[in-house]
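The lines below spell out each chain.
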Amino acid sequence: MVSIGKTKEHSKAIRDKVVEGHKADKGYKTLSKELSLPVSNIGSIIWKWKAYGSTVNLPQPAQPFKVFSPTCTFCL
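Definitions and limits used
- Residues numbered from 1 in each chain as written.
- Predicted model: local features only at pLDDT ≥ 70, side-chain atom pairs only at ≥ 80, totals over all residues.
- Heavy atoms only, no water.
- Helix = DSSP H or I, 4+ residues; strand = E, 2+ residues; numbered from the N terminus.
- Buried < 20%, exposed > 50% of the residue type's maximum accessible area, 1.4 Å probe, protein only.
- Contact = heavy atoms within 4.5 Å.
- Areas by Shrake-Rupley, 256 points an atom, 1.4 Å probe, with all protein chains shown as cover.
- Patch = residues over 30% accessible without salt bridge, like charges linked within 9 Å, V, L, I, M, F, W, Y side chains within 5 Å.
- Salt bridge = Lys/Arg side-chain N within 4 Å of Asp/Glu carboxyl O.
- Axes fitted to C-alpha atoms, helices over the stretch in contact; angles between N-to-C directions.
- Parallel < 35°, antiparallel > 145°, perpendicular 65-115°, else oblique.
- Left-handed = near helix turned anticlockwise from the far one by under 90°.
- Nonpolar A, V, L, I, M, F, W, Y, C, P; charged D, E, K, R; others polar.
- Phe/Tyr/Trp six-rings, centres within 6.5 Å; stacked < 30°, edge-to-face > 60°.

**A look at the overall build of the chain**
Of regular secondary structure, the chain possesses three helices and zero strands. Seen in sequence order, the chain has helices and strands lined up from the N terminus as α-α-α. Here the chain, with 76 residues, has 18% of them falling under the buried criterion. Across the chain, contacts joining residues at least 24 apart in sequence account for 47% of those joining residues at least 6 apart. Per element, the accessible surface of the chain, about 6400 Å² overall, is 60% carbon and sulfur.

Given below as structure tokens:
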């Protein structure tokens, strides 16, 4: 069976620091170096903040699909 790992979520404090830095007109690379996060993560946090107005982790929109192994195609 294939297991899909959960990615690490950043703490609320780190996400708030990213947003505060963005409001202070700091660039993505500067924030990345200060907080030791990849630039893509900084961009994702800021995009989410602009889109939803908050930095909280939202739940998934729907139940995830079950992953079946190839040998269990007739198990249903």
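**Observations regarding a nonpolar patch on the surface**
Taken together, the side chains of Trp47, Tyr52, Val56 and Leu58 define a hydrophobic patch exposed on the protein surface, amounting to about 450 Å² of accessible area. For valine 56, the location among the structural elements is in the segment after α3 (39-52).

**Regarding the packing of helix α2 (residues 28-35) against α3**
For the pair α2 and α3, the least separation of the axes is 9 Å and the interaxial angle reads 110 degrees. In terms of orientation, α2 and α3 fall into the roughly perpendicular class. Here the hand of the crossing between α2 and α3 comes out right-handed. Residues Tyr28, Lys29, Leu31 and Ser32 of α2 pack against Val39, Ile42, Gly43 and Ile46 of α3. Among the residues forming the contact of α2 with α3, the class breakdown is five nonpolar, two polar and one charged.

**Regarding the packing of aromatic side chains**
This structure, assessed with the given rule, holds one aromatic pair. Plain terms: the ring middles of tryptophan 47 and tyrosine 52 are 6.5 Å apart, the flat faces sit at 90 degrees to each other, and that makes the pair edge-to-face. Per residue, the accessibility class of tryptophan 47 equals that of tyrosine 52, and both read exposed.

**Thoughts on unusual backbone geometry**
Its identity as a non-glycine residue notwithstanding, aspartate 25 has a phi of 65 degrees, on the positive side. When you line up the elements, aspartate 25 lands in the loop between α1 (12-23) and α2. The residue serine 36 is not glycine, and still its phi comes out positive at about 55 degrees. Positionally, serine 36 belongs in the loop between α2 and α3.

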